Amino acid sequence: MLEMTVNGRPVALDVEPEMPLLWVLRDELGLTGSKYGCGIGVCGACTVHVDGAAVRACVLPASEVAGRSVTTIEALAADDLHPIQKAWIALQVPQCGYCQSGMIMSVAALLASTPQPSDDQIDEALGNICRCGTYVRVRRAIHALAAESKK
Amino acid sequence: MREAGTSEGFDASRRAFLLKGAAVGGALVIGVGTGHGAAADAGVARDGGAGITQWVVVEPDDTVTVRIARSELGQGSFTGLAQLVCEELECDWRNVRAEYADVNEHMRRDCLWGSMVTGGSRSIRESQEMLRKAGAAARQMLVAAAAARWGVPPVECGASQGVITHAASGRTLTFGAVAAEAARREIPGQVALKGPKDWRLIGSPVPRFDIPDKTTGRQIYAADVRLPGLLHASIVQVPVFGGRLKSADVSAVSGTRGVRKVVVGDDFVAVVADNWWRANRAVRALPVEWDAGEHAAVTSDAIRARLRTGLDAADVPVARRDGEAEAVLASAPMVLEAEYHAPYLAHATLEPQTATALWQDGHLQVWVGTQNGEASIRAAAEEAGLPLERVNVHKLHAGGGFGRRGAHQDYTRQAVRLAMELPGTPVRLQWSREEDIRHDRYRPVESVRLRGALDEAGNWIAWQVRQAEQSILASVRPAAVRGGIDPVGVRAFADNPYDVPNFTNTYAMHDSHVPPGFWRAVAHTHNPYFRECFIDELCRLAGRDPVEFRRPLLAKSPKDLAVLEAAAKAVGWNDAAPEGVHRGIAVADAYGSFTAAAVELSVREERIVDVRRVVVALDCGHVVNPDAVIAQVEGGVAWALGMAMHEEITIRAGHVEQSNFTDYPVLRMHEMTARVEALLVPSGGFWGGVGEPPLAAVPAALCNALFAATGRRVRSLPLKRHGFSFA
Ligand code: FES
Ligand code: FES
């Protein structure tokens, strides 16, 4: 049995140790907010937090998450909406939206460590692919959040 | 993304029988004369809500639900189409929701909601009148119901913000209070529509309905469908298009953990398991032998060589001929000839192709992100060998469309095939990214040869365009090919806006075994690039300014000229660019809209391109939701920049060489540093498309700026092939 904490709840799983965390979340636990886009750690659609750090769940074997704490988009907000989600709605960021769970989780990790990121730091942290091309608004929303946090 | 998809072909003779069996959720079904379909019984109710026309449901608590026929792909159709209905309905926008019209009912009732096709940037432009009329009809029915209750003539009553008022007596009723009575009323045969100056919702940047759930992970895509007992499937298809499966050693994986079934088709193997990762691992491990068939040796170079023969061929069809281009070119003082080329491209929707199907108790249900509900249900019914009435398709917001999920329903068929083998069990087929890239329907290759002539004064007096391309319509809708010409393929040439007295557009079709498809902006992804770069070349030859050169030639196309002038003005075309910054400009009209782009960039080390600024001027006639339109411009610019720099599908040994975002890169965040300026210049009086037009002029403006910066004329894409990269 593999034990970990997912969104604050302890879970015990009988899965292959090499099964990537993404499929544990999506198909074993029914948490479909994290998406499959490439399966090779390139697009970022599957981004979740493990012990607070952004990771690509599609290439992280479940065995490496044993005893650790996973947070997915479903539990990003403590209550209603996280400030990032509010900014995303205010600036109407998503188009198709398929990349946005991963995008938002990447941004959350970035802003947690770097509350006022420069454009270069944004570029560095956000390797997430958005095929709809929402990059302009993602950047704008991050800067808006940074300005907000300065206040 | 224009595609086949009108609704003809449905067997209307079944309708009488079907209507009897139509189990509609609620009770209040009334007729309406707006839209298509059976006029006498068109209203579609729902539990607790009154169907006032097939488009509008009003609940007792005043909630208004608008039925949406087209698909939400992220372009904002769910919201924009509802705005059109509610502009005339006069309800309170805060009470409005949207939901998909039922596909099965749509088909049973002779395309009750018009068309579900979501491509060719047509959702708004092709349904705006029908939807505004539906809103007006529903409002009239509500007002008439209130008037009848009060015993006053309807003309003495008005509606605003969901409240009907009889001014003389000061009495009011909400829409919800009279909805049930309204639903039983006769549908007005004629309605009056507001003029643009009275619009309040049309033109308003209301927030999109679909956005909140797309920030919380709650949005359910086809990939996220979870049903009791659901199994997951992954597929591997024959790598060479047209090939066959020779043998598969099913026993090698059948004992694997979680594997429930292996399905072997003519040209694929699929594994169904209790977890997608297990299904995918097993299908990849499954030993298969393919018969690659007759195309096993085809390469991109061979395909391009065939296009070249098309450039040289005599006796090819003429798409347009004005004057005597050949003769003028033969004697003109200045002649320019250039060949351009564009490769195959993949859609790479971020959600790979996915569909879930359930075959149970003689009925088939499919959950799918689709751009064409009619195509999905027909494909499902055909694959299952069932009449349409026993099939339903549940549309879900798609994780990107761009033309991939319209006419081509291969993934829907496959999911149905798997589900039919497992009666009573829902099967979710999700393609791996590798399958998605290798089994797309590709933006086809094209080569063109352009010849242009200038007189002594540098005026453009003649041109010839020879296109050699793979046709989309020859594959997708052969009946639309006319005299050897694909009418979609010649767009931006045969219908170009330039007033040049001598022009010939000839067209050589060269199909290959690589399946072609509609790709965001279709022919407007490459034809405007060829045309507008070539014109830039002519300007250089003539020693003329690109805007000034085009001005007289666009005098008879004032809307094209106006967007060109707007983009030029915004970018400061007549003023010197900042030190080290270079500019390019281009114009294109597409899908009923007019657009021009101006790009500012710098180039380091002769190859590192820093795009500083992209201005796109767009005249789409009427703007329904300006913020959604601006988002389409921003997304379109990213799409165009990525396409121009990176995207290329190549063929080796008959199959696609690329397989994931490593070898098929798309634009990334760090490459999107340009300031994007969406300049909406709606001139009114028409309804143009928005999903595709904004990207049409961008690649040419980019390459023209690149020429200004480097003196290098890039005549084929992608730019990375020429050593360029984004900063
Ligand atoms: S799905 Fe994990 S990075 Fe793409
Ligand atoms: S919003 Fe569609 S991929 Fe990002």
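Residues numbered from 1 in each chain as written. Chains lettered and ligands numbered in written order. Predicted model: local features only at pLDDT ≥ 70, side-chain atom pairs only at ≥ 80, totals over all residues. Heavy atoms only, no water.

Draft legend 1. Just the packing of helix α5 (residues 135–150) of chain A against helix α18 (residues 626–645) of chain B, in detail. For the pair α5(A) and α18(B), interaxial distance at closest approach is 8 Å and the crossing angle is 110°. As judged from the angle between their axes, α5(A) and α18(B) are roughly perpendicular. Across the interface between the two elements, V136(A), R137(A) and R140(A) of α5(A) pack against D627(B), I630(B), A631(B) and E634(B) of α18(B). Classifying every residue of the contact of α5(A) with α18(B) gives 3 nonpolar, no polar and 4 charged. (Axes fitted to C-alpha atoms, helices over the stretch in contact; angles between N-to-C directions. Helix = DSSP H or I, 4+ residues; strand = E, 2+ residues; numbered from the N terminus. Parallel < 35°, antiparallel > 145°, perpendicular 65-115°, else oblique. Contact = heavy atoms within 4.5 Å. Nonpolar A, V, L, I, M, F, W, Y, C, P; charged D, E, K, R; others polar.)

Draft legend 2. The arrangement of the domain arrangement of chain A in detail. All names here are of chain A. Its domain assignment divides chain A into domain 1 (2–75) and domain 2 (83–150). Taken together, the 16 residues of domain 1 in the interface contact 12 residues of domain 2. Interface area, domain 1 with domain 2, both sides summed: about 1100 Å², of which 61% is carbon and sulfur. At the boundary of domain 1 with domain 2, the tally comes to 0 salt bridges. Run the count over domain 1 and domain 2 and you get 5 residue pairs in polar contact (both at pLDDT 80 or more). When residues of the side of domain 1 that touches domain 2 are traced back to their parent elements, those giving at least two are β3 (47–50) and β4 (53–56). With 3 residues, the top contributor of residues to the side of domain 1 that touches domain 2 is β3. (Domains from an automatic or database assignment. Buried area = accessible area lost by both parts, 1.4 Å probe. Salt bridge = Lys/Arg side-chain N within 4 Å of Asp/Glu carboxyl O. Polar contact = N/O pair within 3.5 Å; in protein donor to acceptor, adjacent residues only side chain to side chain.)

Draft legend 3. Representation of unusual backbone geometry in the model. All names here are of chain B. Of note, the bond from L717 into P718 is cis; its omega dihedral lies within 30 degrees of zero at 5°. The phi torsion at E605 lies on the positive side, around 50°, for a residue other than glycine. If you trace the backbone, E605 turns up in the loop between β23 (593–604) and β24 (608–619). Residue classification places E605 among the exposed positions, given a relative accessible area of 57%. (Buried < 20%, exposed > 50% of the residue type's maximum accessible area, 1.4 Å probe, protein only.)

Draft legend 4. Here's a closer look at the pairing of strand β7 (residues 171–174) of chain B. Residue and element names in this part refer to chain B. Here strand β6 (residues 163–166) pairs with β7 via 4 bridges, running antiparallel. When the sheet's bridge partners are listed, T165 is paired in β7 with T172. Hairpin geometry of β6 and β7 is characterised by an intervening segment of 4 residues between the two adjacent antiparallel strands and by a positive phi of about 75° at G170. (Pairing = 2+ DSSP bridges.)

Draft legend 5. Examining the sheet that holds strand β19 (residues 446–454) of chain B more closely. All names here are of chain B. What the 5 strands build is an open sheet, ordered β13-β21-β20-β19-β14; its pairing is mixed. Either end of the sheet is taken by a strand with one partner, and the two such strands are β13 (318–322) and β14 (334–342). With strand direction ignored, the average angle separating the axes of adjacent strands in the sheet is 10°. Of the pairings in the sheet, the one linking strand β20 (residues 460–469) to strand β21 (residues 502–509) comprises 8 bridges and is parallel in character. Considered in β21, the bridge of A468 is made with A508. In the packing of helix α15 (residues 527–542) onto the sheet, the strands contacted are β14, β19 and β20, and the crossing angle to β14 comes to about 150°.

Draft legend 6. Looking closely at the interface of chain A and chain B. Facing the 51 residues of chain A at the interface are 62 residues of chain B. Buried surface at the junction of chain A and chain B, summed over both partners, amounts to about 4700 Å²; 54% is from carbon and sulfur atoms. On the chain A side of the interface with chain B, the three residues burying the most area are Q95(A), R131(A) and Y135(A), jointly 18% of the side's total. Viewed at the interface, chain B and chain A are joined by 13 salt bridges. A salt bridge links R278(B) to E16(A); the nearest nitrogen and oxygen atoms lie 2.7 Å apart. There are 35 residue pairs in polar contact (both at pLDDT 80 or more) connecting chain A and chain B. If you list the elements that add at least two residues to the side of chain A that touches chain B, you get α1 (21–28), α2 (83–90), α3 (100–113), α4 (119–125) and α5 of chain A. Residues of the side of chain A that touches chain B, tallied by class, amount to 27 nonpolar, 11 polar and 13 charged.

Draft legend 7. Local environment of the packing of aromatic side chains. Residues and elements named next belong to chain B. Here the structure, examined in full by the defined rule, presents 20 aromatic pairs over all chains. With 4.8 Å between their ring centres and 55° between their planes, W460 and W463 make a pair best called tilted. Here W460 matches W463 in class, with each residue buried. With centroids separated by 5.7 Å and ring planes inclined at 55°, the aromatic side chains of W460 and Y498 adopt a geometry described as tilted. With W460 in strand β20 and Y498 in the loop between α14 (473–476) and β21, this residue pair connects regions lying 38 residues apart in the sequence. Judged by its relative accessible area of 4%, Y498 is buried. The structure contains a cluster of three or more aromatic residues connected by ring pairs, namely W460, W463, F493, Y498, F503 and F549. (Phe/Tyr/Trp six-rings, centres within 6.5 Å; stacked < 30°, edge-to-face > 60°.)

Draft legend 8. Inspection of the nonpolar core at higher detail. Counting 178 residues, the largest nonpolar core has L21(A), W88(A), W460(B) and L719(B) as the members making the most contacts within it. When residues in this core are grouped by element, the largest group, 10 residues, is from α18(B). L21(A) has contacts with M4(A), V48(A), V50(A), A57(A), L60(A), A62(A), V65(A) and V70(A), leaving out every residue within four places of it along the chain. By size, the runner-up hydrophobic cluster in this structure holds 85 residues, among which are V85(B), W199(B), A355(B) and W687(B). (Core = buried A, V, L, I, M, F, W, Y, C linked by side-chain atoms within 4.5 Å.)

Draft legend 9. Representation of the pattern of salt bridges. Enumeration according to the criterion identifies 64 salt bridges over all chains in this entry. Between R449(B) and E339(B) there is a salt bridge, with its nearest N and O atoms 2.9 Å apart. Separated by 110 residues along the polypeptide, R449(B) in strand β19 and E339(B) in strand β14 bring together distant segments of the chain. By relative accessible area, R449(B) is classed as buried at 15%. The salt bridge partner of E383(B) is R413(B), with a shortest N-O separation of 3.6 Å. One end of the pair, E383(B), is in helix α11 (residues 373–384); the other, R413(B), is in helix α12 (residues 410–421), with 30 residues separating them in the sequence. Residue R413(B) is classed as partly exposed on the basis of its relative accessible area of 28%. Here the salt bridges do not stand alone but share partners, grouping D14(A), E16(A), E18(A), E28(A), R257(B), D274(B), R278(B) and R281(B) into one network.

Draft legend 10. Examining the sheet that holds strand β4 (residues 96–100) of chain B more closely. Residues and elements named next belong to chain B. Taken together, the 4 strands give an open sheet; going across it, the order is β1-β2-β3-β4, and neighbouring strands pair in mixed fashion. Of all the strands in the sheet, the pair left with one neighbour each is β1 (50–52) and β4. Strand-to-strand twist in this sheet, taken as the mean axis angle between neighbours without regard to direction, amounts to 30°. Here β1 pairs with strand β2 (residues 56–58) via 3 bridges, running antiparallel. Of the residues in β2, the one forming a bridge with I52 is V56.

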